[in-house]
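Observations on the three-dimensional arrangement
Take a look at the letters that make up each chain.
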Amino acid sequence: MADKESSPPDLARVFDYIDAHQQEFIDRLLAYVAQPSISAHGVGIRETADFLLGYLQELGMEAQLLEGAGWPFVCGCLRQHQQAPTVLLYGHYDVQPPDPLDAWNSPPFEPEIRGGRIWGRGVGDNKGQHLAQLLAIESWLAVTDNLPCNVIVLLEGEEEVGSPHISDCVRDHRALLAEADLVITADGPVHESGRPCIKFGPRGIASFELRAVHAQRDFHSGNWGGVAPNPIWTLVHLLATMKDSLGTITIDGFYDNVAPLSDLERKALDALPVDVAAVMEGAGLERLDEPQERPFFDRLAAWPTFTINGFHGGYGGPGMKTVLPNEATVKCDMRLVENQRVDEILDKVEAHVRRHAPEVDVIRQGGMEPSRTPLDSPYTRPLQRAFRAAQGIDPLLIPAMGGSLPDYAWTKILGVHSFTTPYANHDESNHAPNENLEVRRFIDGVRTGAAVLAYLGQES
């Protein structure tokens, strides 16, 4: 085994190459962002997949489109070493719809550089980040005609619509993907402090709707109030049995399978910098949600949540309308932590509703499983060294992120360790108008991607 403390050969030359080609790389990102690829609308998806396929082939990869029930996955493999690890680099080429268009300072698919940032839909989420990974591969091949480790690239076209077919893709192509020893996803923002970070998993999500229908039509509230039950009150009372005023989710068995933090995870969360008062001021908050004593990052990494996304029923227009509605709905999501499962939680929700309000229907909207990689993974140290070499600073270690990604496909189906290494600025405005990516962070992403390959190559 190679000396883990030695500097990888040729990495300095690769850094020099990246620095010399910065403008070319930026221009190519601008052209990539200018190509719409909106999965929700089916706009530009096939064209973007074909472009990526051609690019991977130009890099000398064995590349193909993995077709299935949805938009294609783009897959490329480059195997040059018998002993070195194989890293699977995952990303997604689809983007969110750009609406509302009038809120953009420049057209979403006509990217511009202003104030040291590239502005355009998908530049941070996720085109700029996975292009940085691909340019890292390109840079190694340009300098040495060789990669330090083996690489599989898998780019999805449906992440922005919930990755509905990723588990099928991984299972159907297990023979191709199972060579991976680990998975790295460059996605999301860096830590709020601006420090780079390595994230060891996302929370999962379970989404559902509660629907109460008590009559065939709306009623006059004076003639029918006190006679016909009000579906809004039915849902209000039901929701009050599901979460109490102290923030505890009171569904039987909801917390049964919550995985406790390890000692390393506890220390990592405690080490994350945060100015809670500044966070509250920036968000316009007078207080945090209950329970008040819960540490800030525990809220985002260690605990599941129950969120009411929307409550619909009755009259919501101007003035008054004395109506007693016949129907009401509540849309909800629950963020899940490791060892909880989507079906398990939705089963418990349904059982709770049957006990407390059997006339209410539960409509499952699906979900995504949580995922967690241990902080003491053998690949943690080479990733830390790569960040230090490329960016001159140690990355923060974040046991779990607040949002959800299809990371379970790697940890639960392929059975390998998985890491998220975000390159985007914290205020990238992904999913919102004026999405942006700092030019400096994009180039740092190329450098970091190159260093990751180098330090993983030392693990042979």
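Scroll up to find the structure this text is about.
This one's a predicted model, so the numbers in the text were calculated from it and none came from an experiment. (Residues numbered from 1 in each chain as written. Predicted model: local features only at pLDDT ≥ 70, side-chain atom pairs only at ≥ 80, totals over all residues. Heavy atoms only, no water.)

1. Comments concerning the overall build of the protein
Put simply, the rule reads: Under the scheme used here, helices are H or I runs from DSSP no shorter than 4 residues and strands are E runs no shorter than 2 residues, and both carry numbers assigned from the N terminus. We compute the radius of gyration from the C-alpha atoms alone; for a globule the expected value is 2.2 Å times N to the 0.38, where N is the number of residues. Accessibility here uses a 1.4 Å probe with only protein chains present; expressed as a share of the type maximum, an area under 20% marks a residue as buried, one over 50% as exposed, and anything in between as partly exposed. For this analysis, residues touch if any pair of their heavy atoms sits within 4.5 Å. Computed with the Shrake-Rupley method and a 1.4 Å probe, the accessible areas treat only the protein chains shown as cover for residues. His is not counted here, nor are the chain ends, while Lys and Arg score as positive and Asp and Glu score as negative. We put the charge of a Lys on NZ, of an Arg on CZ, of an Asp on CG and of a Glu on CD.
On a plain count of helices and strands, the protein comes out with 15 helices and 17 strands. The C-alpha radius of gyration computed for the protein amounts to 24 Å, which stays within 12% of the reference 23 Å derived for 460 residues, consistent with globular compactness. When burial is assessed residue by residue, the protein has 54% of its 460 residues classed as buried. Here the analysis covers contacts within the protein between residues at least 6 apart in sequence; of these, 80% occur between residues at least 24 apart. As displayed, the protein offers around 19400 Å² of accessible surface, 50% of which is attributable to carbon and sulfur atoms. Treating the 38 positive side-chain charges of the protein as one cloud and the 64 negative ones as another, the clouds have centres 4 Å apart.

2. With respect to empty space enclosed by the protein
Worth spelling out the cut-off: A 1.4 Å probe that fits into a set of points on a 1 Å grid over the protein atoms alone but cannot get out defines a cavity; an open set with protein on both sides within 12 Å along at least five of seven lines defines a pocket, and lining residues are those with an atom within 4 Å of a point. Grid points are joined across faces, edges and corners, and a volume is the space filled by probe spheres set on the points. Under the grouping applied here, Gly and all other residues not named as nonpolar or charged are polar, the nonpolar ones being Ala, Val, Leu, Ile, Met, Phe, Trp, Tyr, Cys and Pro and the charged ones Asp, Glu, Lys and Arg.
Tallying each qualifying case throughout the model produces two cavities of 30 Å³ or more. What the largest cavity holds in volume is close to 50 Å³. V190, P196, F387, Q391, P422, Y423, R441 and D444 are the residues that line the largest cavity. Where the lining of the largest cavity is concerned, the elements lending two or more residues are α13 (380-391) and α15 (439-457). When grouped by side-chain class, the residues that make up the lining of the largest cavity number five nonpolar, one polar and two charged.

3. Overview of a nonpolar patch on the surface
Just so we agree on the cut-off: Nonpolar side chains (Val, Leu, Ile, Met, Phe, Trp, Tyr) are joined into patches within 5 Å and like charges within 9 Å, using only residues with over 30% relative accessible area and no salt bridge. Salt-bridge detection follows one rule: a side-chain nitrogen of Lys or Arg within 4 Å of a carboxyl oxygen of Asp or Glu.
A grouping of W233, V236, I308 and F311 is seen on the molecular surface, where their side chains present a nonpolar patch of about 380 Å² in accessible area. Counting only elements with at least two residues in the nonpolar patch, the list comes to α8 (231-240) and β11 (307-313). Its location among the elements puts W233 in helix α8. You can call W233 exposed: its relative accessible area is 52%.

4. Things to note about the packing of helix α2 (residues 22-33) against α15
We count it as follows: Think of each axis as a best-fit line through the C-alpha atoms, taken over the contacting stretch in the case of a helix, with angles from 0 to 180 degrees between the N-to-C directions. In what follows, roughly perpendicular refers to angles from 65 to 115 degrees, roughly parallel to angles under 35, roughly antiparallel to angles over 145, and oblique to any angle outside these ranges.
Their axes nearest at 11 Å, the elements α2 and α15 cross at an angle of 105°. With respect to each other, α2 and α15 are oriented roughly perpendicular. Mapping the contact onto sequence places Q22, F25, I26 and L29 in α2 and V439, F442, I443 and V446 in α15. In terms of residue class, the contact of α2 with α15 is made up of seven nonpolar, one polar and no charged.

5. Considerations on the pairing of strand β9 (residues 204-213)
In regular strands, side chains alternate between the two faces of the sheet. Rules: Any two strands between which DSSP finds at least two bridges are classified as paired.
Counted residue by residue, β9 has eight buried out of ten residues, so it is predominantly covered. Across seven bridges, β9 lies against strand β14 (residues 361-368) in antiparallel orientation. Looking at the pairing, S207 lines up with G366 of β14.

6. Quick notes on the sheet that holds β14
Strand order in this open sheet of four strands is β11-β13-β9-β14, and the pairing throughout is antiparallel. What marks the edges here is a single partner per strand, and that holds for β11 and β14. Averaged over all neighbouring strand pairs, the angle between strand axes comes to 15°, with direction disregarded. By the bridge criterion, ten bridges tie β9 to strand β13 (residues 327-336) in an arrangement that is antiparallel. Across the sheet, S207 pairs through a bridge with D333, a residue of β13. Each of β9, β11 and β13 touches α8; the most contacted strand, β13, lies at about 25° to it.

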